[in-house]
Amino acid sequence: MLDYAVAESDMAEFWYIRPGYEHAVQKHFKNQQEPEVSLESLIREKDFNEAGKGSAEVKNLLKRLGVNPDILRRIAVAAYEAEINVAAHSLGGAMLSNIYPDRIHMVFLDNGPGIADIEQAMMPGFSTADEMVRELGFGAGLGLPNIKKNTDALHIVSEAGDSTMLEFLVFFNNNGQ
Amino acid sequence: MKLSDIVKILDAEVLTPEVNLDIEVPCAFASDLISDILMCTKEPTLLLTGLTNQQVIRLADMIDIIGIIFVRGKKPPAEVIEMAKERNLPLICTKNTMYRSSGLLYNAGLRSCRI
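Within each chain, residue numbers correspond to sequence positions counted from 1 in written order. Chain A is the first chain written and ligand 1 is the first ligand written, with later ones labelled in order. Since the coordinates come from a predicted model, pLDDT governs what is reported: local features require at least 70, and pairs of side-chain atoms require 80 or more to be given and counted, while whole-chain, interface and lining totals use all residues.

Student: I keep staring at the overall build of chain A and nothing clicks. Help me out?
Tutor: Runs of E in the DSSP output that reach at least two residues are strands. Runs of H or I that reach at least four are helices, and both are numbered from the N terminus. Scanning chain A for helices and strands turns up six helices and six strands. From first element to last, N terminus to C terminus, chain A shows the α and β order β-α-β-α-α-β-β-α-α-α-β-β. Each radius of gyration reported is based on C-alpha atoms, and the globular scaling rule is 2.2 Å times the count of residues to the power 0.38. Against the compact-globule benchmark of 16 Å for 177 residues, chain A has a radius of gyration of 15 Å, which places it among compact chains. Burial is judged by counting the other C-beta atoms within 10 Å of a residue's own C-beta: 20 or more makes it buried, 12 or fewer makes it exposed, and any count in between marks it as partly exposed, with every C-beta position built from the backbone. Put simply, chain A has 177 residues, and 40% of those count as buried. Taking contacts inside chain A between residues at least 6 apart in sequence as the whole, the part at least 24 apart equals 67%. The contact rule is simple: place each C-beta atom from the backbone, and if two of them lie within 7 Å, those residues are in contact.

Student: How should I be thinking about the environment of Asp11 of chain B in this particular structure?
Tutor: By the secondary structure assignment, Asp11 of chain B is in the loop between helix H1 (3–9) and strand E1 (13–14). Sequence-wise, Asp11 of chain B and Ser101 of chain B are 90 residues apart; in three dimensions their C-alpha atoms are separated by 9.9 Å.

Student: How should I be thinking about the interface of chain B and chain A in this particular structure?
Tutor: Where interface size is quoted, it is often the accessible area lost as the parts come together. Taken residue by residue, the interface counts 16 residues in chain B and 18 residues in chain A. Elements with a minimum of two residues in the side of chain B that touches chain A: helix H2 (34–40) and helix H3 (54–62) of chain B. Split into classes, the residues belonging to the side of chain B that touches chain A amount to seven nonpolar, four polar and five charged. Under the scheme applied here, ten amino acids are nonpolar (Ala, Val, Leu, Ile, Met, Phe, Trp, Tyr, Cys and Pro), four are charged (Asp, Glu, Lys and Arg), and all others, including Gly, are polar.

Student: Please explain helix H6 (residues 143–150) of chain A as it appears in this structure.
Tutor: Structural remark: α-helix, 3.6 residues per turn; residues separated by three or four positions point the same way. Every buried residue belonging to H6 of chain A is among Gly143, Leu144, Asn146, Ile147 and Asn150 of chain A, and all of these are buried. Projected down its long axis, H6 of chain A carries its buried residues within an arc of 160 degrees, all on one side. Residues of H6 of chain A that are buried make contact with helix H3 (69–89), helix H4 (118–121), strand E5 (153–159) and strand E6 (164–171) of chain A together with H2 of chain B. To be clear, the arc concerns the directions from the helix axis to the C-beta atoms.

Student: Can you walk me through unusual backbone geometry in this structure?
Tutor: One can expect most non-glycine residues to show negative phi and most peptide bonds to be in trans. The step from Gly112 of chain A to Pro113 of chain A runs through a cis peptide bond, and the omega angle for that step is 15 degrees. Here the phi dihedral of Gln32 of chain A falls at roughly 50 degrees; this positive angle occurs in a residue that is not glycine. Relative to the helices and strands, Gln32 of chain A resides in the loop between helix H1 (22–31) and strand E2 (37–43). Here Asp11 of chain B, not a glycine, exhibits a phi torsion of approximately 50 degrees, which is positive.

Student: Whenever I open this one, the packing of helix H2 (residues 53–64) of chain A against H3 of chain A confuses me. Can you help?
Tutor: For any two helices packed against each other, one specifies the inter-axial angle together with the distance between the axes. Residues and elements named next belong to chain A. Whenever a helix is involved, its axis is fitted only over the stretch in contact; in every case the axis is a line through C-alpha atoms, and angles between N-to-C directions fall within 0 to 180 degrees. The interhelical angle for the contact between H2 and H3, taken along N-to-C directions, is 165 degrees, at an axis separation of 9 Å. Classed by the angle they form, the pair H2 and H3 counts as roughly antiparallel. Two packed elements cross with a definite hand, and for H2 against H3 that hand is right-handed. Between H2, through Gly54, Ser55, Val58, Lys59, Leu62 and Lys63, and H3, the contact on the second element is made entirely by Leu72, Ile75, Ala76, Ala79, Tyr80 and Glu83. The residue inventory of the contact of H2 with H3, partitioned by class, reads seven nonpolar, two polar and three charged. For classification purposes, angles smaller than 35 degrees are called roughly parallel, those larger than 145 roughly antiparallel, those between 65 and 115 roughly perpendicular, and all remaining angles oblique. Handedness of a crossing follows from how the near helix is turned relative to the far one, being left-handed for an anticlockwise turn of less than a right angle and right-handed for a clockwise one.

Student: What is the right way to read the sheet that holds strand E5 (residues 91–93) of chain B from this model?
Tutor: Hydrogen bonds between backbone atoms are what pair the strands of a sheet, whose relative direction is either parallel or antiparallel. All names here are of chain B. Only strands that DSSP links by at least two bridges are regarded as paired with each other. Strand order across the open sheet formed by six strands is E1-E5-E4-E3-E2-E6, with mixed pairing between neighbours. Looking at strand neighbours, the two that pair on one side only are E1 and strand E6 (111–112), the edges of this open sheet. Pairing geometry for strand E2 (residues 27–30) and E6, over two bridges, is parallel. Across the sheet, the residue bridging to Ala28 is Ser112, located in E6.

Student: Explanation requested: the sheet that holds E6 of chain A in the structure shown.
Tutor: Residues and elements named next belong to chain A. Here we have six strands laid out as an open sheet, ordered E1-E5-E6-E4-E3-E2, and antiparallel in their pairing. Two strands in the sheet have a free side with no partner beyond their single neighbour: strand E1 (11–17) and E2. On average, each strand axis in the sheet is tilted by 10 degrees relative to the strand beside it, whichever way the strands run. In this structure, E1 lies alongside E5, joined through seven bridges in antiparallel fashion. Residue pairing across strands places Trp15 opposite His155, the latter belonging to E5.

Read these as spatial facts, not as claims about activity.
Below, the structure written as structure tokens:
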């Protein structure tokens, strides 16, 4: 995880919690419960042949576990967008999926170079994607807004010139209970 | 409307002849932006696109895409066709533009997907 002690001035943080999920999200981070299943996969910089595989693996597992199709779609879209973000914008990183009986917690950690302005990055249409990434159909500036739209909690910590950590929670039922 | 009807309407070429085209298509969506496709596909949907890279097939792992029409004569590379065959995903190629293809299908009664 990130070392908060060395990141004071340039560290930026973003929190979003879907209204009504405050208690469930707080409980998740407070209890530090052991997940039932954990999956981890590497995401390589600009590897658009492999990017998306990790999210597909998570989706297939959740499908086998019987997660509701609409919730499954939300998790798949958020995971895929986050995985593509790491491949498109960072020097590479990893994704970790912790699955609990009632929820999934996914963490995407990269090796930099960090998001200069998270608020700006959250604006629909804002993108720093290069030409190669855009030619593949990415870079519409909708990745982070799309993740926010599909998750119950989204937390981003980034430091300009250093790594970014993005984590989200999605509950398997519609009230977070 | 069946996928086999769509092939006729668009005067299209089927790139995955081994995949069944006798499937009902309830609606369609057309875009070259992956985030838009992810955001708008909430039910089984036919996708019209000019994107021909591997990610367009990976999209079908995430959301319910029942077939892909490549517009304005674009053809994906062999490895992309191979990935589609592994997933039993029909790939179809038409010389029509995205606008014209969408118009032809809409006129024939194929509705837009719910967004």
